[in-house]
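What follows is the residue order along each chain.
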Amino acid sequence: MKQAILKALLSHYWRHPWQALFLLLGLTAGVGLWSAVQIINHHAEVSYAQADSLLGVQANYWIRNRSEQGIAQADYIELRRAGFRQIFPVIEGQVITPDGQLISIIATDLLALRQSMPEETVDQTFNGIDNWLQLVQKPYRAWVPQQLADEFALIQGDQLQLRDGRQLPPALIQAQTQQGRRIFMDISAAFTLFDTDQFNYITVGQLTTEQFDLLTSLLPDSLALVQNQQQLDLSELTQSLHTHLSAMSLLSFAVGLFIVFNAVRFSLWHRRETLMNLRLMGVSVKALISAILFETLIWSLIGTVSGVICGLTIGNWLLPGLSQSLFNLYGATIDAVIALQSETLLLAWGITLVGLLWALAWPMYLQLKHDVLDANSPTLRHQAENSSRQQLALFSLPLLIMAFILFQTMETAVAGFALLGLLLFAAAWLLPTLLALGLKFAQACVPKQRLIGRWMVSDGWSQMPAFRSAMMALLLAMTANLGVGTLVDSFRSAFIGWLEVRQNADIYVNSSQSNIVQLLESEQAPGKTSLWLADSHRQIGITTRWQDQPTLVNGADTRAPDSLRFPLAQWLGDTPDDALALWRDNSNYILANEQLHYLGGLKLGQTIQLDTDQGPVDYQVVGFFYDYGNPKFQFYLSYEEVAKRWKYHYSRGTALWLKPDSTSNGPSSRQQAEKSFLANGINRADWISQDEIRTLSVNIFERTFAITAAMNSLTLIVAAIALLASLLAIMQERLPEFAQWRALGVNTREQFLIICSPLLIFVVIAWLLAIPLGAVLSWLLIQKLNIVSFGWSMPMLWKMAPAWQLGGLVLVIVIVTLLLSLLQLRRRLPDALAELGELS
Amino acid sequence: MLSIKNLYKSFGQPGGEVCVLDGLSFTMQAASSVALLGESGSGKSTLLHLIAGLDKSQSGDIEFSGKQLSTLNESALANMRRHQISLVFQQFHLISTLSVFDNIRFQAALCQRFDNAFETQLIDRLGLSSLLKKLPHQLSRGQQQRVAIARALLHKPKLVLADEPTGNLDEQSSLEVMAVFTDLVKSAGSSLLMVTHSKEMATFMQRSVLLHNGRLSDI
Ligand SMILES: Nc1ncnc2c1ncn2[C@@H]1O[C@H](COP(=O)(O)OP(=O)(O)OP(=O)(O)O)[C@@H](O)[C@H]1O
Ligand SMILES: [Mg+2]
């Protein structure tokens with residue numbers, strides 16, 4: 001008996017494989033996008049946990065030069081002689097490809113590393129390298145992860161060319177854990193590459209208490225043993241980004257569910273007779289409910305499996321984008337290979353089941369509850385449609401109220417996304433009512449005498465039930481697209497404007513050696529007029545922790561051109577210049593970045609205490625400056641103040657302004673500057689021009705938002721599928737009706753118009769609603785969420801052009817889906833015409 | 001007006017080809033009425049579909065109003081139905097989103113042919129005057145069928161093809177509707193070819209033919 005009921009119910013999908021396909025597609029798309037993000041988020045977390053290891057060796061501590069001057073080889077050799085086998089020297093640096101891509105290089109003593117490794121780790125790490133000695137012998141090897149090799153089209157043995165003419169050692173393409181987008185090499189190769197004889201720092205593995213004490217006592221004064229807190233910092237810093245991604249994935253899941261809703265609506269319509277017959281045959285409601293639940297269970301299993309498989313694929317596809325974002329924003333590296341966690345699988349099944357209970361089981365149950373014979377009545381169907389529309393609109397009210405309350409109290413990113421979710425769903429549930437109003441309006445616009453015109457518009461009432469969920473999906477996708485698009489555009493414009501102010505020097509010299517100081521002293525010696533140098537700005541800094549977060553205290557030349565134009569977001573006094581003048585003239589005033597205000601809770605005018613070498617010192621905050629893209633806290637004091645308070649400060653580079661080229665035909669200022677650099681032992685790799693650094697920054701920006709763009713287009717694709725599913729369902733459901741119209745002499749053109757006109761009205765209404773909603777979304781993202789998650793404020797830049805573009809894109813989607821469904825209609829109409837007049 | 005010669009139609013079915021119409025010939029004069037009788041499955045509906053250009057025969061000619069249907073393309077056929085042929089079926093969807101009044105005028109609007117006096121006559125005789133503002137789903141099946149009849153006749157087509165138009169009404173109202181229907185067809189000046197199972201219905205018509213073994217014969 002049970003089997004017979006199930007067979008009767010499920011046979012529907014055999015007869016309408018398209019609908020089974022769409023149900024599966026909706027589930028797969030929704031679960032897939034959701035689980036993809038879940039998988040990569042989890043993956044990133046695992047990677048952070050390993051963030052303190054290098055080539056499989058745990059780095060519990062670092063030995064660093066207090067003034068970031070680097071560590072002499074002699075110091076390292078000394079420590080190894082003292083018996084420390086768990087220490088490894090590291091050179092870290094960045095190189096730039098000819099097209100302005102930044103690549104990180106990390107180098108260590110591979111020989112020492114290999115010796116200290118247990119046997120299994122050696123096998124794992126050096127697995128597949130036939131002659132590992134080639135790594136540590138000239139010409140060395142650059143250990144390139146697969147993903148980077150693909151990006152730069154490198155094959156085994158290729159030497160990557162750099163912008164300044166240098167070359168990396170021959171490539172050895174093999175992915176390592178924790179490598180991310182970094183290139184590994186032996187320390188000797190890095191000495192040559194960076195033309196240095198010093199290490200950046202030394203990583204230190206596990207230490208016993210005695211070893212710890214011994215090591216501390218052995219270290220010269222200029223070196224410090226610091227605890228590696230990277231893992232903690234990374235998970236803290238990156239949390240917001242992961243929350244953003246999760247929110248987007250939940251949106252995709254919702255959009256996917258709309259496809260399911262649509263397929264279910266169709267299947268209900270087709271199975272109402274089956275349900276009715278079963279009940280007339282005396283099958284109890286209870287038996288039917290358990291059959292429905294069983295069906296839901298089957299679908300949830302199928303949906304989870306195919307969704308998670310799809311999620312793994314999407315995850316792999318999104319991973320490069322995510323690792324770019326993470327690396328650019330936080331310097332975090334994540335593994336190139338992702339794995340599926342069993343908890344992800346269970347969670348995916350859980351939400352699929354909940355989604356299906358809501359979208360499939362509940363509507364079927366409601367259908368059951370109707371009186372046995374009435375289920376089929378068109379009058380009831382008409383009323384049900386009206387009342388469900390009103391119900392949805394009514395439900396959206398409490399959502400709006402909840403959203404409003406959340407808006408007043410919101411303090412975390414999670415609350416912010418909950419607010420966005422409430423708002424979007426309230427809008428989606430209001431949409432059917434708006435569509436109905438729009439249709440009424442359109443009907444009123446057609447003159448009474450134009451019967452055929454009125455018919456075309458009024459047919460929208462028949463199409464409404466089929467299009468309802470697709471339109472909601474489209475609305476959500478369009479809103480997200482506009483909102484997130486505006487966020488990215490606003491950010492891009494704020495960021496580029498900010499770069500122009502912050503990076504307005506002509507050349508930046510990164511050399512920390514004293515040669516730049518000498519060069520500047522000689523060029524700016526009293527009485528001498530430099531041929532090329534107009535102005536310079538040397539910055540120093542120290543790293544400390546504030547509120548237990550990594551914090552940078554910079555020392556700036558307060559009279560340098562860029563210090564005079566510091567881009568302030570908030571300031572004490574009437575104008576930013578007042579605040580800057582205070583800061584310039586008074587060493588106990590300090591500038592703080594916005595992150596300190598929004599995330600650290602610092603107030604304008606507040607006095608803070610910093611730990612200096614001479615004990616705690618009080619400073620008063622006179623302004624907050626924009627500091628885009630920086631996840632860390634940052635303060636600015638004067639150069640003299642930092643130099644005075646902290647002994648071990650380090651160079652933060654030097655900015656140089658060039659003189660305008662003289663009119664005569666001599667060498668340009670830039671050429672003269674570069675000549676002087678080389679003459680003073682400053683390498684080509686140590687300086688970067690303004691153009692180069694801007695390209696670099698903008699590149700980083702674009703890559704950071706690549707993952708957002710990818711999620712945005714995926715959501716739109718899912719909405720397009722929802723639209724296609726609805727149109728095909730309409731073609732199927734209304735085929736007999738369409739055939740009748742053809743019998744009345746309605747021609748192909750009119751038939752086309754009647755399918756198009758209501759759809760176009762609906763799409764236009766959804767689009768019109770998406771525009772203000774997108775604006776609200778972007779406003780919330782920019783003014784609220786961005787601030788609570790990253791601490792960056794920026795003006796919102798709203799433009800209509802993206803809305804028009806999106807409208808155009810949606811129109812193309814509508815036309816393509818219409819053509820596909822009309823082809824289907826064309827194929828099936830002859831049969832429908834032949835069956836005309838028979839009782840169905 | 002309508003002349004059919006040697007019409008042959010078969011359907012491919014799981015058990016093999018089934019020949020439904022086998023060399024059928026038939027002619028019909030303008031403004032005449034014919035009852036089409038035959039067993040269930042004998043091909044009555046198939047014949048009606050072929051005449052209306054909704055389906056294609058394997059061979060044979062149908063000439064309607066001086067034109068060979070086989071020479072007409074899809075849009076020409078649609079145009080022919082729109083202006084000259086009306087179909088009335090047992091199951092006939094009215095346009096659910098338009099009022100009864102709009103439904104009555106629908107086909108007339110498609111072919112731009114209005115006769116106000118005739119419209120009043122149709123509405124009165126079919127007893128629809130109190131229903132004009134309602135939507136189709138608010139009507140009973142009998143009422144719906146009468147709206148379909150009004151729609152089929154208002155533009156005064158040359159030929160009305162009816163397939164058991166009263167099949168789902170009870171006997172009494174069937175007879176009433178049929179009397180009004182045939183009368184109105186006459187007023188419209190149209191010809192009527194009507195499929196029916198009942199001899200009684202056939203008495204409303206000038207002529208009766210029987211479809212048997214794929215051919216027609218007068219009775
Ligand atoms: N589309 C089709 N495909 C296959 N066979 C068909 C098709 N349409 C009709 N037939 C077959 O053609 C024969 C005639 O069908 P038709 O509908 O014309 O009969 P009918 O005389 O109208 O019967 P009834 O009085 O029951 O309505 C039947 O045997 C039917 O099975
Ligand atoms: Mg029939």
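Further up the page is the structure itself.
Sequence order sets the numbering: in each chain, residues are counted from 1 along the sequence as written. The lettering of chains begins at A and the numbering of ligands begins at 1, in the order of writing. Residues qualify for local features only when their pLDDT is at least 70, as the model is predicted, and side-chain atom pairs are given and counted only at 80 or more; totals for whole chains, interfaces and linings, by contrast, use all residues. Based on all heavy atoms of the structure, the side-chain values leave hydrogens and waters out of the count.

(A) Up close: the sheet that holds strand β9 (residues 207-212) of chain B. All names here are of chain B. Should DSSP find at least two bridges between two strands, the strands are regarded as paired. Helix and strand definitions follow DSSP, with helices as H or I runs of at least four residues and strands as E runs of at least two, each counted in order from the N terminus. With mixed pairing, six strands are arranged side by side in an open sheet as β6-β7-β8-β3-β9-β10. Either end of the sheet is taken by a strand with one partner, and the two such strands are β6 (85-89) and β10 (215-218). Each adjacent strand pair in this sheet contributes to an overall mean axis angle of 20°, direction not counted. The sheet strands contacting helix α1 (residues 44-51) are β3 (33-38), β6, β7 (159-163), β8 (191-195), β9 and β10, and the helix crosses β7 at an angle near 155°. Angular values range over 0 to 180 degrees, each being the angle between N-to-C directions of two axes fitted as lines to C-alpha atoms, with helices fitted over their stretch in contact. The contact criterion used is simple: two residues touch if any of their non-hydrogen atoms lie within 4.5 Å.

(B) Inspection of a negative patch on the surface at higher detail. A cluster of acidic side chains, namely Asp170(B), Glu171(B), Glu176(B) and Glu200(B), defines a negative patch on the protein surface. By the secondary structure assignment, Glu200(B) is in helix α7 (residues 199-202). Patches here: salt-bridge-free residues with over 30% relative accessible area, like charges joined within 9 Å, nonpolar side chains (Val, Leu, Ile, Met, Phe, Trp, Tyr) joined within 5 Å. Residue-level accessible areas treat just the shown protein chains as cover; the underlying method is Shrake-Rupley with a 1.4 Å probe. In the sections that follow, a salt bridge refers to a side-chain nitrogen of Lys or Arg positioned within 4 Å of a carboxyl oxygen of Asp or Glu. In this tally Asp and Glu are treated as negative and Lys and Arg as positive; neither His nor the chain ends contributes. Lysine's charge is taken at NZ, arginine's at CZ, aspartate's at CG and glutamate's at CD.

(C) How the structure looks around helix α5 (residues 141-153) of chain B. All names here are of chain B. Here α5 spans 19 Å end to end across 13 residues, near enough to the 18 Å set by a 1.5 Å rise per residue. The buried label goes to any residue with under 20% of its type's maximum accessible area, the exposed label to any with over 50%, and the partly exposed label to all in between, with areas taken from a 1.4 Å probe on protein chains only. Burial analysis of α5 places ten of its 13 residues in the buried class, the great majority of the element. Inspection of α5 places Gly 142, Gln 144, Gln 145, Val 147, Ala 148, Ile 149, Ala 150, Arg 151, Ala 152 and Leu 153 among the buried residues, and these make up the whole buried set. Among the structural elements, β6, α3 (100-111), α4 (116-125), β7 and α6 (171-188) are those in contact with the buried residues of α5. A helix is expected to span 1.5 Å for every residue after the first.

(D) Fine view of the interface of chain B and chain A. In this assembly, 26 residues from chain B lie in contact with 29 residues from chain A. Counting across the interface, chain B meets chain A through three salt bridges. Across the salt bridge formed by Arg454(A) and Asp102(B), the nearest N and O atoms sit 2.7 Å from each other. Pairs of N or O atoms are called polar contacts if they sit within 3.5 Å, as long as, within protein, a hydrogen donor faces a hydrogen acceptor (for residues adjacent in sequence, only side-chain-to-side-chain pairs). Counting across the chain B and chain A interface gives seven residue pairs in polar contact (both at pLDDT 80 or more). Counting residues per element, the ones that place at least two in the side of chain B that touches chain A are α1, α2 (74-84), β6 and α3 of chain B. Of the residues forming the side of chain B that touches chain A, the biggest block, six residues, is contributed by α3(B). In terms of residue class, the side of chain B that touches chain A is made up of ten nonpolar, nine polar and seven charged. Note on residue categories: nonpolar means Ala, Val, Leu, Ile, Met, Phe, Trp, Tyr, Cys or Pro, charged means Asp, Glu, Lys or Arg, and polar means any other residue, Gly included.

(E) Representation of the site of ligand 1. For this purpose, a residue is taken to be near a molecule or strand whenever a single non-hydrogen atom of the residue falls within 4 Å of it. Near ligand 1 lie 14 residues; those nearest to it are Ser40(B), Gly41(B), Lys44(B), Ser45(B) and Thr46(B). The site occupied by ligand 1 is bordered by residues of chains A and B. Interatomic distance of 2.8 Å between a backbone N/O atom of Gly41(B) and an oxygen atom of ligand 1. Take Thr46(B): an N or O atom from its side chain is 2.5 Å from an oxygen atom of ligand 1. Elements with a contribution of two residues or more to the shell around ligand 1: β1 (2-13) and α1 of chain B. With three residues, α1(B) is the single largest residue contributor to the shell around ligand 1.

(F) Here's a closer look at the sheet that holds strand β4 (residues 59-64) of chain B. Residues and elements named next belong to chain B. With antiparallel pairing, four strands are arranged side by side in an open sheet as β2-β1-β4-β5. Looking at strand neighbours, the two that pair on one side only are β2 (16-28) and β5 (67-68), the edges of this open sheet. By the bridge criterion, five bridges tie β1 to β4 in an arrangement that is antiparallel. Bridging across to β4, Tyr 8 finds its partner in Ser 59. The strands touched by α1 are β1, β2 and β4; relative to β1, the strand with the most contacts, the crossing angle is about 120°.

(G) Structural view of a nonpolar patch on the surface. Residues and elements named next belong to chain A. Side chains of Leu 394, Leu 397, Leu 400, Leu 430, Leu 434 and Leu 437 sit close together on the surface and give an oily, nonpolar patch of about 500 Å² of accessible area. Mapped by element, the contributors of at least two residues to the nonpolar patch are α12 (378-409) and α13 (413-445). Mapped onto the fold, Leu 394 is located in helix α12. On the accessibility criterion, Leu 394 (58% relative accessible area) is exposed.

(H) Expanded view of the nonpolar core. For our purposes a nonpolar core is just a set of buried Ala, Val, Leu, Ile, Met, Phe, Trp, Tyr and Cys residues, chained together by side-chain atoms within 4.5 Å. Judged by nonpolar contacts, the single largest core of 163 residues is most densely connected at Trp455(A), Met471(A) and Phe26(B). Of the residues forming this core, the biggest block, 22 residues, is contributed by helix α15 (residues 460-502) of chain A. Each domain's extent is set by a domain assignment, obtained either automatically or from a database. Counting residues domain by domain, this core receives three or more from each of domain 1 (1-52 + 236-376) and domain 3 (430-504 + 691-840) of chain A. Discounting residues that sit within four places of it in the chain, Phe26(B) has contacts with Leu2(B), Ser3(B), Ile4(B), Val34(B), Leu193(B), Arg207(B), Val209(B) and Leu216(B). Listed in part, the 56 residues of the second largest apolar core include Val136(A), Phe152(A), Leu168(A) and Leu219(A).

(I) Representation of the environment of Val788(A). All names here are of chain A. You can see Val 788 is positioned in helix α25 (residues 748-789). For Val 788, a relative accessible area of 25% corresponds to the partly exposed category. Between the alpha carbons of Val 788 and Cys 756 there is a distance of 44 Å; along the sequence they are 32 residues apart. Those residues within four positions of Val 788 in sequence are excluded, and the remaining contacts are Glu 411, Thr 412, Ala 413 and Leu 599.

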